[in-house]
Amino acid sequence: MANNKMLVGFFVASESIFFVMLILAYVNFHGTVTDGPTAVNSLDPLRTGIFSLFLLASSFTVWLAGRSLSTKNHFMLKIWLFVTIILGALFIYGQATEWFGLFAQNITISRNVFGTTFFTLTGFHGFHVCVGLLMLSILLVLAMFGDFKGPKSDGVECVSIYWHFVDGVWIVVYSVIYLWAFF
Amino acid sequence: MSMKIPLVPENLKPLPRLKENEGMLSWVASVDHKQIGIMYLISTLVFFIIGGLEALVIRIQLAQPEFDFISPEVYNQMFTMHGTTMIFFVVMPFLIGLGVYLVPLMIGARDMAFPRLNALSFWLVIFGGILLYYSFLTQSGPSEVGWFAYAPLSEKPFSLNKGPTYWALGLLATGISSVASGLNNIVTILTMRAKGMTMRRLPLFVWMILVTSFLLVFVIPIIASAFAMMLLDRLLEATFFTPAHGGSAILWQHFFWGFGHPEVYILVLPAFGIISEVIPVFSRKPIFGYSFVAGSTVAIGLLSLGVWAHHMFAVGLGNVANLYFSLASMLIAIPTGVKVLNWVATMWGGKIWFATPMLFATAFIIEFVIAGLTGVAVASVPIDWVVTDSYFVVAHFHYALFGGSLFAIFAGIYYWFPKMTGRMMSETLGKWHFWLTVIGFNMTFFIQHFLGVMGMPRRTYTYHDFPYWGSMNLISTIGAIILALSVIVFAWNIRRSLKHGEKAPDNPWNAWTLEWYTTSPPAVHNFDLVPPVRGRRPLWDLAHPDQLDEPNSKVV
Ligand SMILES: [Cu+2]
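So, here's what we can say about the structure.

How each quantity is defined
- Residues numbered from 1 in each chain as written.
- Chains lettered and ligands numbered in written order.
- Predicted model: local features only at pLDDT ≥ 70, side-chain atom pairs only at ≥ 80, totals over all residues.
- Heavy atoms only, no water.
- Helix = DSSP H or I, 4+ residues; strand = E, 2+ residues; numbered from the N terminus.
- Rg over C-alpha atoms; globule rule 2.2 N^0.38 Å.
- Contact = heavy atoms within 4.5 Å.
- Areas by Shrake-Rupley, 256 points an atom, 1.4 Å probe, with all protein chains shown as cover.
- Lys, Arg positive; Asp, Glu negative; His and termini not counted.
- Charge placed at Lys NZ, Arg CZ, Asp CG, Glu CD.
- Buried < 20%, exposed > 50% of the residue type's maximum accessible area, 1.4 Å probe, protein only.
- Axes fitted to C-alpha atoms, helices over the stretch in contact; angles between N-to-C directions.
- Parallel < 35°, antiparallel > 145°, perpendicular 65-115°, else oblique.
- Left-handed = near helix turned anticlockwise from the far one by under 90°.
- Nonpolar A, V, L, I, M, F, W, Y, C, P; charged D, E, K, R; others polar.
- Salt bridge = Lys/Arg side-chain N within 4 Å of Asp/Glu carboxyl O.
- Buried area = accessible area lost by both parts, 1.4 Å probe.
- Expected span 1.5 Å × (residues − 1).
- Polar contact = N/O pair within 3.5 Å; in protein donor to acceptor, adjacent residues only side chain to side chain.

**Considering the overall build of chain B**
Right, so step 1: Secondary structure assignment for chain B yields 16 helices and zero strands.
Right, so step 2: Taken over C-alpha atoms, the radius of gyration comes to 24 Å for chain B, in line with the 24 Å a tight globule of 556 residues would show.
Right, so step 3: C-alpha atoms of chain B, sized along the principal axes, occupy 80 × 70 × 45 Å.
Right, so step 4: Within chain B, counting contacts between residues at least 6 apart in sequence, those at least 24 apart form 81% of the total.
Right, so step 5: Counting every atom, chain B has about 23000 Å² of accessible surface; 71% of that belongs to carbon and sulfur.
Right, so step 6: Between the averaged position of the 32 positive side-chain charges in chain B and that of its 28 negative side-chain charges there is a distance of 11 Å.

Written out as structure tokens, the structure reads:
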């Protein structure tokens, strides 16, 4: 049924408004911090940029997973789902180490308005990535039990729409937080 | 391990099974849109009585100058909980619940597109309501910061009690519920219509629910993010809305009203839908200017997104911003006025039958026009500066939400009660309810316009004995007591009619939309057979094959 994909489409649209508001909050306070940590003096755009590539690549691999299903190549479906999960997890690992690095310098959500907006925005995005990883893992387990006969599956397609969305949000978030600060 | 000792003792009676149609479990576990719809309506009635009692406490406290019926803290808690309850737990879930009940029937579908999501939406509202009212059990009681919870008052250190935290959590839960219902409605209306039910033949109530659902899906996330930020401020010491730490209190106002103004249309568009169903049926004429009613709704929905700062004229946003928001707000009067003209033109020359639903619908038009007139007045910056945060504003939005939404809700209850229960409501008690409501409502709120112009600020615990203030407030309080009487009559009417009401035929009002084609109450599967839809009034076409609304339409 097309219903499921329509639901996820509108859901993702609704979620984008949620992220637009978080981004607006970040933009609103950009440049108002005169004292203490800011994006420029505490973030490493290169390191986060490299971890971002993993997330970007995972969007490609989830697409490959869907294509494998449409050609009824069940083995490659499992492989690409697995690769997608690994890439997503690597991105989360990058985010977590970045956060703990900042905590070590006493940069937290309550330190100043940069900390507040930065941790809220990246935190909500990271939460969405984790939810996506959970759904991808469920897909992988179902695929291992042979649940997806192909060539089409609403489950795979809906999770894939969501995953592309999470990826797209990150491109905007990375541009606003890292690129805007340094270029 | 011994397998013989059961961990739970055996029940004497077998547990009820999900397949049974009777009993509480068939309701609690239900995913049927009609049962969920009715559960929405019953729970909003309960919240309505709670919110009404809170209003009554407010009005008793204000009945005379320098009165101390309750403490100032409790007074603040009462107006906060009254506003929050009436908006988020009465009008919104009532209209959503009525939509859940009616939309599948009106478009000839078996159920919503996602029945389990539908059940989730309902139970999230209940969960949110429990979270909100749980704050009464905390040490210093519920939130005291008003329904729009302005920062930094709602932040630490000004509100150290847990009230605003429960408030935000409860509203976050209902917000998620609203987005889920919005999504469910959109997919249902777009994909599950019966054959021949094109968008141009959709009942206007369904049109209004569709536009409202788009608003829910795109506007609720605005406030959900603001609630998340407020909670982070309160729980993790983030600094979004605390100016002392570099945050911005005005940002909260922008975010809140960015949601708050469209919310007004979420509360009133489905009410327009009810009126657009009731007025034609009781005037025995098709709606005048169907496309204008549907089109102007879309226009209102879009315009409502760009006018939020008319709630913020007192902030001092600058002349350019004030001018824009003032003019844009006045613009909304045009599509709204178009609707009023459509309803009046539908009644014009019709054979009007003033049964209780039509009485409420007619009164709705008058009360809502008053709200519109005072609305255009406060959209003008200089007038707003004079009356902002005064009882004039209180009067204005009660005319919109009580005179508007709630009058339409009453019209809808009297109109669809026979369909939902299989019994008619008492017309005698209905007329008593109607007249007590009209008298009580106007007595309570009309005089508040004058109190506001005379300078009485809203949200003040008490007032000095200025000339006429005491007597005018007393009139308002007596009005509120009459309103309380009207609610008792209404509740009695529901109870009595449920048990002893006259048995309702399938189509007691001789109406034209599909829900009246099935039995009263509808069978579990809604329709044995959906009749062919060849126009906007399928049941008219069915009864008058030689006088079709669209003479050249083919049976699909
Ligand atoms: Cu407004």
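Additional details are given in the paragraphs that follow.
**Some points on the overall build of chain A**
Right, so step 1: The secondary structure content of chain A amounts to six helices and zero strands.
Right, so step 2: The N-to-C order of helical and strand elements in chain A reads α-α-α-α-α-α.
Right, so step 3: Considering chain A as a whole, with its 183 residues, one finds that 48% of them fall into the buried category.
Right, so step 4: Taking as baseline every contact in chain A between residues at least 6 positions apart, the subset at least 24 positions apart corresponds to 83%.
Right, so step 5: Carbon and sulfur atoms make up 73% of the accessible area of chain A, which totals about 8500 Å².
Right, so step 6: Taking the 8 positively charged and 8 negatively charged side chains of chain A as two groups, their mean positions are separated by 13 Å.

**Topic: unusual backbone geometry**
Residues and elements named next belong to chain B.
Right, so step 1: Following Lys156, the chain continues into Pro157 via a peptide bond in cis, with omega recorded as 0°.
Right, so step 2: Looking at the element boundaries, Pro157 is found in the loop between helix 4 (115-134) and helix 5 (163-191).
Right, so step 3: Of note, the bond from Ser520 into Pro521 is cis; its omega dihedral lies within 30 degrees of zero at -10°.
Right, so step 4: Mapped onto the elements, Pro521 comes out in the loop between helix 15 (469-500) and helix 16 (538-543).
Right, so step 5: One non-glycine residue, Asp389, adopts positive backbone phi at about 60°.

**Looking at the packing of helix 7 (residues 249-283) of chain B against helix 13 (residues 391-421) of chain B**
Two measures define how a pair of helices packs: the angle their axes make with one another and the distance between the axes.
Residue and element names in this part refer to chain B.
Right, so step 1: Packing of helix 7 against helix 13 brings their axes to within 9 Å, and their N-to-C directions diverge by 50°. The orientation of helix 7 with respect to helix 13, classified from their angle, is oblique. Our pair here, helix 7 against helix 13, has a crossing hand that is left-handed. From helix 7, Leu267, Val268, Ala271, Ile274, Ile275, Glu277, Val278, Val281 and Phe282 reach across to helix 13, where they touch Ala400, Leu401, Ser405, Ala408, Ile409, Ala411, Gly412, Tyr415 and Trp416.
Right, so step 2: Classifying every residue of the contact of helix 7 with helix 13 by side-chain character gives 15 nonpolar, two polar and one charged.

**Concerning the pattern of salt bridges**
Residues and elements named next belong to chain A.
Right, so step 1: As enumerated under the stated definition, the model contains nine salt bridges over all chains in all.
Right, so step 2: Across the salt bridge formed by Glu157 and Lys5, the nearest N and O atoms sit 2.5 Å from each other. Taken together, the residues span a long stretch of sequence, with Glu157 in helix 6 (residues 154-182) and Lys5 in helix 1 (residues 2-29) at a distance of 152 residues.
Right, so step 3: Given a relative accessible area of 23%, Glu157 falls into the partly exposed group.
Right, so step 4: Given the relative accessible area of 31%, Lys5 is considered partly exposed.

**Points about the interface of chain B and chain A**
Right, so step 1: Counting residues at the interface gives 30 residues for chain B and 23 residues for chain A.
Right, so step 2: Carbon and sulfur atoms make up 82% of the area that chain B and chain A hide from each other, which totals about 2200 Å².
Right, so step 3: Our enumeration of links across chain B and chain A arrives at zero salt bridges.
Right, so step 4: Elements that contribute at least two residues to the side of chain B that touches chain A include exactly helix 5, helix 6 (204-236) and helix 7 of chain B.
Right, so step 5: In terms of residues, the side of chain B that touches chain A owes the most to one element, helix 6 of chain B, which gives eleven residues.
Right, so step 6: When grouped by side-chain class, the residues that make up the side of chain B that touches chain A number 23 nonpolar, six polar and one charged.

**Thoughts on helix 5 (residues 113-144) of chain A**
One full turn of an α-helix is made of 3.6 residues, so residues set three or four places apart face in the same direction.
Right, so step 1: End to end, helix 5 of chain A covers 46 Å across 32 residues, agreeing with the expected 46 Å (1.5 Å per residue, within 8%).
Right, so step 2: The distance from a side-chain oxygen at the start of helix 5 of chain A to the backbone nitrogen of A:Phe114 is 3.1 Å, and the residue carrying that oxygen is A:Asn112.

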